[in-house]
Every structure is written in structure tokens, then in C-alpha cells.
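The residues making up each chain are set out below.
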Amino acid sequence: MTGEYPLFSFFRTVLTGRSHHVVTKSLSKHNEANEQEIAERISRYINAATRDNTRKTYRSAVEHFEVHWGGKLPTSPENIGRYLVTYANDLAPSTLKTRLAALSQWHKTQGFADPCSSVHVRKIMRGIQAVHSKKPKQAHPLQIEHLQQITGSLDAQIRASENNASVQRAYRDKALVLLGFWRGFRSDELSRLMFEDLEIINNVCLRGYVRQSKTDRHNQGMYFEVPALQTLCPVNAISEFAAQIEMANGPVFRKIDRWGKLNQNGISAGSIPAILRRVLFQSNIPNSKEFSSHSLRRGFAHWANQQGWSLHELMQYVGWKDIQSAMRYLNHSDAFPNRLTQLNTRI
């Protein structure tokens, strides 16, 4: 057929069966590539739905059940009960509950019946909590005096050191401690801060956004502000640190090696307690091992209560959703406003 358009010729060969296997093979390869891409995206979204810390904790719990105790999965409610009883004297009830959650998740994910939700297991767990209940261990709260000692020590390091790594680390640690304290941040929130999400407004306040946090189950993020202060100022600390490392994007708090090279990734939430204890030790603050990243949040809650903040104001500022969460960060002596203490002296 002369004078036929190439497109018509293509359809004619397809409709008559010629080159059909070529077209089919091409479509098959396209579908395979498309399916592979979809599978990779599904895997990425499933991984994103579970936080890294949770994934590590659950993996460790499953390993403890299988390797240390010698259990086999899937398992029965009776075996779960024996496992709980074996470690009831050695592990805190909260740790056992985490192990139960991990084993429960494993069974559900693998399509097996969940033995951890049985009446038998729930009764054993309630009994362990009743018999082995202990006063929860709480980190020491940071005080204003501690902040003064820490910033004084870090400023002295900055002035005296000729090592670029030491100077950068001192600027970073100062910003981390002051911002963590004055915003009552969790360690995971500090570790996720990004420079591009921070903005200093007319040297009056720092406005920012936390993309994800421990209690943010729906990953909605959280906006925050922290004011500039005349002393122990978190806004100045962040500004000075950013200028020192000449960064405007990426994680705010990063690892710094001994040559002063910044890691492209942010520090992990688990490394913040060690940073804080090192800074406390270098500042000659006693009992540095009794402090943790919770000390920042407990310290701010203690300070705010001493200043007469209401519980509602404190919860709104820090981001606590329920009163029980807030009360865990207050000392028993802080549970009532100072006004009641003052009233008691007048009666």
C-alpha cells in the first residue's frame, strides 16, 4: 500500500498480528517497571509510618524473645505468659509492656492471631504491675544556675580554644541546651530541627516548625516560638551557631568530628543525653549522670511553675495534650502553685 502514513502502517501491522509479540513484550516490560516502582513506593511509605526508634525497639524485643529466652514465633498465650513471668523480677513493667507491644505487632504483621491480647496474658501483666510497682525514676531538672554554669563554661571554651572542632561543638552545645530548655523540647524534636524551618523575627523571637515529634501520630508537625532574652538567650545562641558553621539548610544539630567537619545528617535523639552529661561534667556540675534529655523539659516546667504559670499555660506552651503528661514533669512540691504555699504561711 503506497502512500500510507507511518502511523497507519503501525496500526495495520498490529491489527494483522505482525509485530504483536514486540508490542506485547514492550508493554510487559513497562508493566513490570511500573509494578516495581509502586512496590518500592509502598515499602517506603510503610517504613515512614513507623519511626526509626520504634522499629529498633521492636526489633530488639523480638530478638530478646527468640534469642535470649529461646522462644519461637509465632507463639501461644501460654508461652507469652511464661516469658513475662521469667523476667518479672528483673525488668520494669513498662519494659515488659513494650516487649508485649512488639510481639503483638509481629503477629499482626505476619497474619497470625495475636496471643498478647488474650485474657490470660492481660491478667498476668496486671498482676506483675500490681506486685512490682515502683516509683518511676525521674531525671534531675536543670536549674537556671545550671544554665549559667554551662554557658559560662562553653563561652570560656570558645574564647580559649584554637581548635575549630572544639569551638563549633561549644556553639552547638550551647544552642542545643538553651533552645531545649526554653522550649521544653524533647530530644527527638531537637534532633529533627531544620535550619530552613527556623526564622528569627526582628531579633525579638525565633519562630520555627518541628516536622515530626514523638506524640505527633498523624505527622502534622508543630509550629513554635521562643522569645529573645536578655541573658541565657536561645535566639542569640542559634544565630551565633548558624553564623559559625555557615549553614542555612539541613539539620540544625549535627555530629562534628575532631577535625571540625560537620556531618550531613542530624544527631540522633539517643545521643543528646550523652552530650548533655558531658557538658554538665565539663561545667563542674555534680551528679551529671543523674541528668538526661528529660532534664531540659523538667527544668523548664519547674522554672515556669516557680514563675506562677498556670498548668494550662504550661501545657499550651510545651505542647502537652493531657494533664497526666504535664504532671510527670513537675516535682510533687511543684504540683500546687506557689500562691497556695504563700497562703499557708498567712493562715
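Preceding this paragraph is the structure being described.
Calculation notes
Residues numbered from 1 in each chain as written. Predicted model: local features only at pLDDT ≥ 70, side-chain atom pairs only at ≥ 80, totals over all residues. Heavy atoms only, no water. Helix = DSSP H or I, 4+ residues; strand = E, 2+ residues; numbered from the N terminus. Expected span 1.5 Å × (residues − 1). Buried < 20%, exposed > 50% of the residue type's maximum accessible area, 1.4 Å probe, protein only. Polar contact = N/O pair within 3.5 Å; in protein donor to acceptor, adjacent residues only side chain to side chain. Phe/Tyr/Trp six-rings, centres within 6.5 Å; stacked < 30°, edge-to-face > 60°. Lys NZ or Arg CZ within 6 Å of the ring centre and 35° of its normal. Axes fitted to C-alpha atoms, helices over the stretch in contact; angles between N-to-C directions. Parallel < 35°, antiparallel > 145°, perpendicular 65-115°, else oblique. Contact = heavy atoms within 4.5 Å. Nonpolar A, V, L, I, M, F, W, Y, C, P; charged D, E, K, R; others polar. Salt bridge = Lys/Arg side-chain N within 4 Å of Asp/Glu carboxyl O. Left-handed = near helix turned anticlockwise from the far one by under 90°. Core = buried A, V, L, I, M, F, W, Y, C linked by side-chain atoms within 4.5 Å.

Caption draft 1: Just helix α8 (residues 164-183), in detail. When the terminal C-alpha atoms of α8 are compared, their 28 Å separation across 20 residues agrees well with the 28 Å that a helix rising 1.5 Å per residue should span. Most of α8 is tucked away, with 17 of its 20 residues classed as buried. Regarding α8, its N-cap is Asn163, as a side-chain oxygen of that residue lies 2.8 Å from the backbone nitrogen of Ala165 further along. Remark: Gly184 follows α8 within two positions and exhibits a positive phi of approximately 60°.

Caption draft 2: Seen up close, the environment of Ala101. As for its placement among the helices and strands, Ala101 is situated in helix α5 (residues 93-109). When the C-alpha atoms of Ala101 and Ser117 are compared, they prove to be 9.5 Å apart, with 16 residues separating the residues in sequence.

Caption draft 3: Local environment of the packing of aromatic side chains. Overall, the coordinates contain 19 aromatic pairs when judged by the stated rule. With centroids separated by 5.5 Å and ring planes inclined at 85°, the aromatic side chains of Phe300 and Trp309 adopt a geometry described as edge-to-face. A relative accessible area of 2% means that Phe300 is categorised as buried. Considering the side-chain rings of Trp309 and Tyr317, the 5.5 Å spacing of their centres and the 90° angle between planes classify their relative orientation as edge-to-face. Residue classification places Trp309 among the partly exposed positions, given a relative accessible area of 26%. Here the aromatic cluster, defined as three or more aromatic residues joined through ring pairs, consists of Phe181, Trp182, Phe300, Trp303, Trp309 and Tyr317. The ring of Tyr317 carries Arg183 above its face, with NZ or CZ at 4.1 Å from the centroid. Stacked on the ring of Tyr329, the Lys or Arg Arg297 has its end atom at 5.7 Å from the ring centre.

Caption draft 4: Up close: the packing of α8 against helix α11 (residues 272-282). At a minimum axis separation of 11 Å, α8 and α11 run at an interaxial angle of 105°. One finds that α8 runs roughly perpendicular with respect to α11. Facing α8, whose interface residues are Arg169, Arg172, Asp173, Leu176 and Val177, α11 presents Ile272, Ile275, Leu276, Arg278 and Val279. Looking at the contact of α8 with α11, its residues break down into 6 nonpolar, no polar and 4 charged.

Caption draft 5: Quick peek at the pattern of salt bridges. Counted under the stated rule, the structure contains 9 salt bridges. One salt bridge in this structure joins Lys174 and Asp155, with 2.9 Å as the shortest N-O distance. Of the two residues, Lys174 sits in helix α8 while Asp155 sits in helix α7 (residues 144-160), which places them 19 residues apart along the sequence. In this structure Lys174 comes out as buried when scored by relative accessible area, which is 13%. According to the relative accessible area criterion, Asp155 is partly exposed, its value standing at 25%.

Caption draft 6: View of the packing of α8 against helix α10 (residues 234-245). It is at 8 Å that the axes of α8 and α10 come closest, and there the two elements cross at 150°. Taken together, the axes of α8 and α10 lie roughly antiparallel to each other. Relative to α10, α8 is oriented so that their crossing is left-handed. On α10, the residues that touch Asn164, Val167, Gln168, Tyr171, Arg172, Lys174, Ala175, Leu178, Leu179 and Trp182 of α8 are Pro234, Ala237, Ile238, Glu240, Phe241, Gln244 and Ile245. Of the residues contributing to the contact of α8 with α10, the split by class is 11 nonpolar, 3 polar and 3 charged.

Caption draft 7: Representation of the nonpolar core in the model. Core analysis: the largest hydrophobic core is formed by 56 residues, its most contacted members being Leu142, Leu193 and Phe253. Mapped onto this core, the elements with two or more residues apiece are α7, α8, β2 (205-210), β3 (222-227), α10, α11, α12 (294-306) and α13 (311-318). The next biggest cluster of nonpolar side chains, apart from the first, holds 15 residues, and it includes Leu73, Ile80, Leu103 and Met125.

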